[in-house]
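These are the residues of each chain, in order.
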Amino acid sequence: AADKFQHWLNGLNENAPHKTLILELSEADANRPAKEIEISGHWIKGYAGDEDARILWAYDTGDLRRELQRYKSENVKLKIDVKQYSTILNMAPYPIWERGEDMKLRYCNLRYSEMVEDIAAREPDGAMPDIDKKERQLAASALKEGVAKHDRRHIVVNGERKLYQLDELPIVEQQMVI
């Protein structure tokens, strides 16, 4: 580490006035993790014959880097979980959606998207109909009262008129409805 630091320090000059070095320093105790030190330096040209100067500052970043690595690993695992859950929801043969506190859709599965696209395709100029107004009212009621609300409605999808049961299930703690 000393040779690496000396080489880095010698390279801190007018051609490279600002540099950062990360050193890993091992502790004498093998049970403790190595220290990771981030050293930043800035070279300053001497004025009117004065010697050049180097300003150095160091941070022990080992704990932060380990924590960041842990968060990155957790993030990768969560992304895999989300993708798996999304795949499972998209395989469902019926529409599933999630609403935020404002009752707007935050998520919908593939079946919901297909149904909405089919309904919109039948409208003049492909305009999106207001198919969600009654459901928003139902969802708002479910969230306000903290109990599931149900409604039955005929909907034409893929040329077939079917009776659907709409269930709006509140998740009060998170102020959302599925």
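Everything numeric here is computed off the predicted structure, so don't read it as measured data.

A. Representation of the overall build of the chain within the structure. Of the regular secondary structure elements, the chain holds 4 helices and 9 strands. Pairs at least 24 apart in sequence give 36% of the contacts found in the chain among residues at least 6 apart. For the chain, the computed accessible surface area is about 12900 Å², with 52% contributed by carbon and sulfur atoms.

B. Quick look at the nonpolar core. Within the largest apolar cluster, 8 residues are counted, these being W8, L9, L12, L21, L23, I37, I39 and W43. Among the secondary structure elements, those contributing two or more residues to this core are helix 1 (2-10), strand 1 (18-25) and strand 2 (35-44). No other element matches strand 2, which puts 3 residues into this core. Residues contacting W8, with those up to four places away along its chain left out, are K19, T20, L21, I39, S40, G41 and L56.

C. Up close: a negative patch on the surface. Taken together, the side chains of E14, D50, E51 and D52 make up a negatively charged region of the molecular surface. Its place among the elements puts E51 in the loop between strand 2 and strand 3 (53-60). Residue classification places E51 among the exposed positions, given a relative accessible area of 74%.

D. Representation of the sheet that holds strand 1 within the structure. The strand order 1-2-3 describes an open sheet built from 3 strands, whose pairing is antiparallel. In this open sheet, the two strands that pair with only one neighbour each are strand 1 and strand 3. Geometrically, the sheet is characterised by an average inter-axis angle of 20° between neighbouring strands, direction not taken into account. In this sheet, strand 3 lies alongside strand 2 in antiparallel orientation, the contact comprising 8 bridges. Of the residues in strand 3, the one forming a bridge with G41 is L56. Running over the sheet, helix 1 touches strand 1, strand 2 and strand 3 and is turned about 175° from strand 1.

E. Local environment of the pattern of salt bridges. One pass over the structure, following the stated rule, counts 9 salt bridges. Put simply, E36, E38 and R65 are held in one network by salt bridges that share partners.

F. How the structure looks around unusual backbone geometry. In this structure, M103 takes a positive phi of about 70° despite not being glycine. Position of M103 relative to the elements: it lies in the loop between strand 4 (97-99) and strand 5 (105-108). Residue classification places M103 among the buried residues on the basis of a relative accessible area of 8%.

G. Fine view of helix 4 (residues 133-145). The end-to-end C-alpha separation of helix 4 is 19 Å, in line with the 18 Å expected for 13 residues at 1.5 Å each. Every buried residue belonging to helix 4 is among E135, L138, A139, A142 and L143, and all of these are buried. Taken around the axis of helix 4, the buried residues stretch over an arc of 135°, which confines them to a single face. In helix 4, the exposed positions angled more than 90 degrees off the buried face are occupied by K134, Q137 and K144. Directly beyond the C-terminal end of helix 4, a positive phi value near 75° is found at G146.

H. Structural detail: a nonpolar patch on the surface. Judged by side-chain polarity, I44, I55, W57 and Y59 come together as a nonpolar surface patch covering roughly 360 Å² of accessible area. A total of 3 residues in the nonpolar patch trace back to one element, the largest contributor, which is strand 3. Note that I44 resides in strand 2.

Criteria and thresholds
- Residues numbered from 1 in each chain as written.
- Predicted model: local features only at pLDDT ≥ 70, side-chain atom pairs only at ≥ 80, totals over all residues.
- Heavy atoms only, no water.
- Helix = DSSP H or I, 4+ residues; strand = E, 2+ residues; numbered from the N terminus.
- Contact = heavy atoms within 4.5 Å.
- Areas by Shrake-Rupley, 256 points an atom, 1.4 Å probe, with all protein chains shown as cover.
- Core = buried A, V, L, I, M, F, W, Y, C linked by side-chain atoms within 4.5 Å.
- Buried < 20%, exposed > 50% of the residue type's maximum accessible area, 1.4 Å probe, protein only.
- Patch = residues over 30% accessible without salt bridge, like charges linked within 9 Å, V, L, I, M, F, W, Y side chains within 5 Å.
- Salt bridge = Lys/Arg side-chain N within 4 Å of Asp/Glu carboxyl O.
- Lys, Arg positive; Asp, Glu negative; His and termini not counted.
- Charge placed at Lys NZ, Arg CZ, Asp CG, Glu CD.
- Pairing = 2+ DSSP bridges.
- Axes fitted to C-alpha atoms, helices over the stretch in contact; angles between N-to-C directions.
- Expected span 1.5 Å × (residues − 1).
- Arc of directions from axis to C-beta.

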